[in-house]
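# Structural overview
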Amino acid sequence: MDAERGSVRSVASGVRRPAAPAAPAATGRRTEPPRTEPSFTDAPRTGTRRPPAQLPRSRRPPAAAPAAEGSSPWILMYHSVAVEEEDPYQLTVSPERFAEQIAWLHRRGRRGVSVRELMRARAAGLDDKLVGLTFDDGYADFARYAVPILQAYGFTATAYVVADLLGRANDWDTEGPRKTLLTVQEVTDLAAAGWEIGSHGLGHQALPGLPADVLATQTRESRRALEEVVGGPVTGFCYPYGAVDLAATLAVRDAGYDYACAIAHSPLTGRYALPRCYVGDRDGAWRLRAKRGRHRLRDTVTELRRSRLATRAARPGGDRANTGEASR
């Protein structure tokens, strides 16, 4: 099967990564030298629709999940950066608005980084001024529009791609317009230039409720396939639709990932269910400040709930009380 379209699993092992070409000339404001990244010219297609994310809650005690780590890092969630006439689910940010948002982060003394870099810095206690930048689904417009803007500020980011759909389109959005996805070659070039590539599963399938063997396939096979493409480790996972339950977090951990991104705060919030802040085209400076504050508030509330659940679980009959609270 053609490696530019179709399943990544059709690509032979040991894919060579071509040398990254020189970085394109930056447009707009430049305050730091750009990183050496490939230049892409594929024109994006417009439009996307998808059902709203659902967050099933586990009926098992949170104590059975991977250990929580206190407050969560600030991670912004993007999807598509392009020009759209219709965007009913507000998943697309125009290049102009995206440039404004990145410039605002820079003025605030923050640096956008991949989640891989963010987690490493966090482990060393050096993440105070960092913010994670993520792009779900692996749309081709990430390379065309987002990369040059990020380069101009010396920022990096993570692109979560659907392993079996590279070079195709967002077929999971059956009711919306088609959007072109990054090809195998583009993913290879991005990884070679230092951009983090993470897994978004094999076919953009929600994980909660899947049998254990299917969960293992979605997590392990997508990682193995992408590692052949990028020629190195793939350590990050992002739950399709942001939907996560306890079984999904355990499958991701057992598949060898270092972390996983969800969307909302929940009893599972931690290294394998990192919450993120949605960013849309309406989000200017004031809204971004508000979302940062809301993220901190939700962290506090989540920790208080965890503490209350742990206290109840320590009492006689606490398992029943804990289970009831977690399922609400």
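The coordinates are above.
Report on the accompanying structure. Predicted model, so just to flag it, every value in this text is computed and none were measured.

## Section: the environment of Gly194
Looking at the secondary structure, you find Gly194 in the loop between helix H4 (184–192) and strand S7 (196–199). When its relative accessible area of 41% is taken as the criterion, Gly194 is described as partly exposed.

## A few points about helix H7 (residues 285–313)
Taking 1.5 Å of rise per residue, the 29 residues of H7 would be expected to cover 42 Å, and the 42 Å separating its terminal C-alpha atoms lies within 8% of that figure. Looking only at H7, the buried set comprises Leu288, Lys291, Arg292, His295, Asp299, Thr302, Arg306 and Leu309.

## What about the packing of aromatic side chains?
Summed over all chains, the structure comprises 8 aromatic pairs. Measuring from ring centre to ring centre gives 5.1 Å for Tyr78 and Phe98, while their planes differ by 85°; the resulting arrangement is edge-to-face. Here the residue Tyr78 occupies a position in strand S1 (residues 75–78), and Phe98 occupies one in helix H1 (residues 95–107), the gap between them amounting to 20 residues. Assigned by exposure class, Tyr78 and Phe98 land together as buried. For the cation-ring pair, Lys179 lies above Tyr139, with the distance from its terminal atom to the ring centre recorded as 5.5 Å. Sitting above the plane of the Tyr257 ring, Arg223 keeps its charged end 5.6 Å from the centroid.

## Considerations on the side chain of Ser199
As for its placement among the helices and strands, Ser199 is situated in strand S7. Residue classification places Ser199 among the buried positions, given a relative accessible area of 0%. Each residue touching Ser199, except ones within four places of it in the same chain, is listed here: Tyr160, Val161, Ser222, Leu226, Val234, Gly236, Phe237, Cys238 and Tyr257.

## Let's talk about the pairing of S1
Here S1 shows a buried face lined by Ile75 and Met77 and a second buried face lined by Leu76 and Tyr78. Here S1 runs beside strand S5 (residues 130–137); their pairing, made up of 4 bridges, is parallel. Note on S5: the bridge partner recorded for Leu76 is Leu133. Taken together, the 2 bridges between S1 and strand S10 (residues 277–278) define a ladder with parallel strand orientation. From the neighbouring strand, Leu76 faces S10, where its bridge partner is Cys277.

## Examining the side chain of Thr302
By the secondary structure assignment, Thr302 is in helix H7. Judged by its relative accessible area of 9%, Thr302 falls in the buried class. Of the polar contacts made by the side chain of Thr302, one reaches the backbone oxygen of Arg298; its length is 2.8 Å. Among residues more than four places away in sequence, those in contact with Thr302 are His265, Ser266 and Thr269.

What counts, and at which threshold
- Residues numbered from 1 in each chain as written.
- Predicted model: local features only at pLDDT ≥ 70, side-chain atom pairs only at ≥ 80, totals over all residues.
- Heavy atoms only, no water.
- Helix = DSSP H or I, 4+ residues; strand = E, 2+ residues; numbered from the N terminus.
- Buried < 20%, exposed > 50% of the residue type's maximum accessible area, 1.4 Å probe, protein only.
- Expected span 1.5 Å × (residues − 1).
- Phe/Tyr/Trp six-rings, centres within 6.5 Å; stacked < 30°, edge-to-face > 60°.
- Lys NZ or Arg CZ within 6 Å of the ring centre and 35° of its normal.
- Contact = heavy atoms within 4.5 Å.
- Pairing = 2+ DSSP bridges.
- Polar contact = N/O pair within 3.5 Å; in protein donor to acceptor, adjacent residues only side chain to side chain.

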